[in-house]
Amino acid sequence: MSAAFLWLAASTGLLSLLTPCVFPMVPVTIAYFATPEHSRSRGVRRAFLFGAGIVGTFTVLGLVLAAIFGAAGLNRFAADPWVNLTLAALFLLFAANLFGWLETPVPWRLADAADRAARESTPGSSLGALVMGATFTLTSVTCTAPFVGTLLVLASRGSWVTPIIGMLVYSTAFALPFVALAISPRAVSHLPRSGEWMRTLRVLIGLLEVGAAIKFVSNADLVLGWGIFTRDVVLLAWVSLALAGAAYLGRGLRQQIQRREVNLAGAAPIAIALLLAAWLASGLNGRPLPQVEAFLPPESPTPALASSRRETPSWMLNDYPGALAAARTARKLVFVDFTGYTCTNCRWMEANVFSRPDVGAELGQFVLSRLYTDGDGVIYERQQAFQEKTFGTVALPLYAVVDADGKVRGTFSGLTRNPAEFIAFLQRARGG
């Protein structure tokens, strides 16, 4: 489990606090704890129990997912085209809600029942605080579901414990500010009030959710082989969304100009959106964008390696026996890349490590075999089972070096931001 994933989980938890159906609920929620008749120690205990209710509710989602699918099933769950299309539809639904085009009703009957249970409990009781935390989680589902869904899909990379830890980190980051404010209710008065900034935030988050929907549709495209949502198509869509965000932010600036009350600070977000659009557009000519390349569809199923040699090494796709036969003929070792169509870490390695001339030169010393384990079909299930049986994991990416008889010479799991570390692995495996 990478530090980047844990950072993403914590960041999305904090970002969820700014969503329109969470932030306005802060004073209302904290008021639940503003009971002066209780001692401070009891108030602190109830605040922590409230946070535990939030953490427990979110974490159960990760636990249920892990229990239902297991380690191997999580990979296939994340790559399933219908799961990705469903998530894309949810993102578009929530975006339409944030734009004000439609209302997405919260399951109010369930929320009201939980709320009544909390309030009918003995005042100050542990049960009441716990249920209140669960109630708040249910009522915030409209805005938190997209973040949670994205996190769970990114967590589904072959380890049953990853979704649980991911949701634990997400929900802890989400709950901590509420616990702190419940302990010190007076701090609520210093929070900014909802207003025009919240409406602007709704639209900007909606645009982000449309961008995420496009990403999930491109995942389904890769697995189903449509060839529609290519790298350039996704980039062009993101450029359009960035320009739309700049145009929306520009409305306020135009109003200031008309009132002759121009605030240069208000122009900064517009400039950022325009620079983002220009930067994304620069990738339309094939220029790599390392910071987002992991979230873009690859230009081809087997991206070319950068190499200092005149001939570029080629990959043998989903043909492990053929790779072993080629290794016997060429008297080389086989470099096996266990990858996935929707594996963001795999795309990151391809864009930022495999694309380097020094890494490409080292890989050119091997017969290259790329095995997808998350596609739809028997061959992918067989390749995933082979990875699990031989290497004891279905986590992606996994890199292995084997000889022509299939004997393992070395393995390298996950991504690295240090190309020298990956080169050292290849050299050790080749010389070992």
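See above for the structure.
Residues numbered from 1 in each chain as written. Predicted model: local features only at pLDDT ≥ 70, side-chain atom pairs only at ≥ 80, totals over all residues. Heavy atoms only, no water.

Student: Quick question: what am I supposed to make of the side chain of Ser369 here?
Tutor: Along the chain, Ser369 falls in strand β3 (residues 367-372). Among all residues touching Ser369, those that are not within four sequence positions of it are Trp315, Met316, Asp319, Tyr320, Ala323, Val334, Phe335, Val336 and Asp337. (Helix = DSSP H or I, 4+ residues; strand = E, 2+ residues; numbered from the N terminus. Contact = heavy atoms within 4.5 Å.)

Student: Explanation requested: the nonpolar core in the structure shown.
Tutor: Note on soluble globular proteins: their nonpolar side chains tend to be buried together. Core analysis: the largest hydrophobic core is formed by 20 residues, its most contacted members being Phe335, Phe354, Tyr399, Phe422 and Phe425. Contributing elements (two or more residues each) for this core: α13 (344-352), α14 (357-363), β4 (398-402) and α16 (419-431). Of all the elements, α16 adds the most residues to this core, at five residues. (Core = buried A, V, L, I, M, F, W, Y, C linked by side-chain atoms within 4.5 Å. Buried < 20%, exposed > 50% of the residue type's maximum accessible area, 1.4 Å probe, protein only.)

Student: Whenever I open this one, the sheet that holds strand β1 (residues 315-317) confuses me. Can you help?
Tutor: What the five strands build is an open sheet, ordered β1-β3-β2-β4-β5; its pairing is mixed. Edge positions in the open sheet fall to β1 and β5 (408-413), since each of these has one partner strand only. Along the sheet, successive strands turn relative to each other by an average axial angle of 20°, direction set aside. Two elements, strand β2 (residues 334-339) and β4, share five bridges in a ladder whose sense is antiparallel. Each residue of the ladder has a partner; that of Val336, found in β4, is Ala400. (Pairing = 2+ DSSP bridges. Axes fitted to C-alpha atoms, helices over the stretch in contact; angles between N-to-C directions.)

Student: What should I look at first to understand the state of the cysteines in this one?
Tutor: Counted under the stated rule, the structure contains one disulfide. Disulfide pairing is shown between Cys343 and Cys346; the S-S distance is 2.3 Å. The sign of the 80° torsion about the S-S bond sets the Cys343-Cys346 disulfide as right-handed. (Disulfide = S-S within 2.5 Å.)

Student: What am I meant to see in the packing of aromatic side chains here?
Tutor: Aromatic rings in a pair are described by how distant their centres are and how their planes are angled relative to each other. The tally for this structure, following the rule as stated, stands at 21 aromatic pairs. Where Tyr341 meets Tyr372, the ring centres are 4.1 Å apart and the plane angle is 15°; that geometry is what we call stacked. One end of the pair, Tyr341, is in the loop between β2 and α13; the other, Tyr372, is in strand β3, with 31 residues separating them in the sequence. Tyr372 gets classed as buried once you look at its relative accessible area, which sits at 2%. Note on Phe412 and Phe425: the rings are 5.4 Å apart at their centroids and 45° apart in plane angle, and the pair reads as tilted. Residue Phe412 is found in strand β5, and its partner Phe425 is found in helix α16; the two are separated by 13 residues along the sequence. Phe425 sits in the buried class, given a relative accessible area of 3%. One aromatic cluster is present, built from ring pairs that chain together Trp315, Phe335, Phe354, Phe366, Tyr399, Phe412, Phe422 and Phe425. The ring centre of Trp315 lies 3.9 Å from the NZ or CZ of Arg370, which sits over that ring. (Phe/Tyr/Trp six-rings, centres within 6.5 Å; stacked < 30°, edge-to-face > 60°. Lys NZ or Arg CZ within 6 Å of the ring centre and 35° of its normal.)

Student: What should I look at first to understand helix α15 (residues 378-391) in this one?
Tutor: Side chains of residues three or four places apart in an α-helix project in the same direction, reflecting 3.6 residues per turn. Taking 1.5 Å of rise per residue, the 14 residues of α15 would be expected to cover 20 Å, and the 20 Å separating its terminal C-alpha atoms lies within 8% of that figure. Along α15, the residues classified as buried are Tyr380, Gln383, Gln384, Gln387 and Phe391. The buried residues of α15 all sit within an arc of 100° when viewed along its axis, so they share a single face. Along α15, the residues that are exposed and aim more than 90 degrees away from the buried face are Val378, Arg382 and Lys389. (Expected span 1.5 Å × (residues − 1). Arc of directions from axis to C-beta.)

Student: Would you mind going over a nonpolar patch on the surface with me for this structure?
Tutor: Taken together, the side chains of Trp82, Leu224, Trp226 and Ile228 define a hydrophobic patch exposed on the protein surface, amounting to about 440 Å² of accessible area. For Leu224, the location among the structural elements is in helix α9 (residues 196-224). Judged by its relative accessible area of 32%, Leu224 is partly exposed. (Patch = residues over 30% accessible without salt bridge, like charges linked within 9 Å, V, L, I, M, F, W, Y side chains within 5 Å. Areas by Shrake-Rupley, 256 points an atom, 1.4 Å probe, with all protein chains shown as cover. Salt bridge = Lys/Arg side-chain N within 4 Å of Asp/Glu carboxyl O.)

Student: Can you walk me through unusual backbone geometry in this structure?
Tutor: Note: most peptide bonds trans; most residues except glycine with negative phi. Across the junction of Leu396 and Pro397, the peptide omega takes the value -5°, indicating a cis bond. Mapped onto the secondary structure, Pro397 falls in the loop between α15 and β4. With a phi angle near 55°, Asn318 is a residue other than glycine that sits in the positive phi range. If you trace the backbone, Asn318 turns up in the loop between β1 and α12 (320-330). According to the relative accessible area criterion, Asn318 is buried, its value standing at 17%.

Take it as geometry only, folks, not as evidence of what the structure does.
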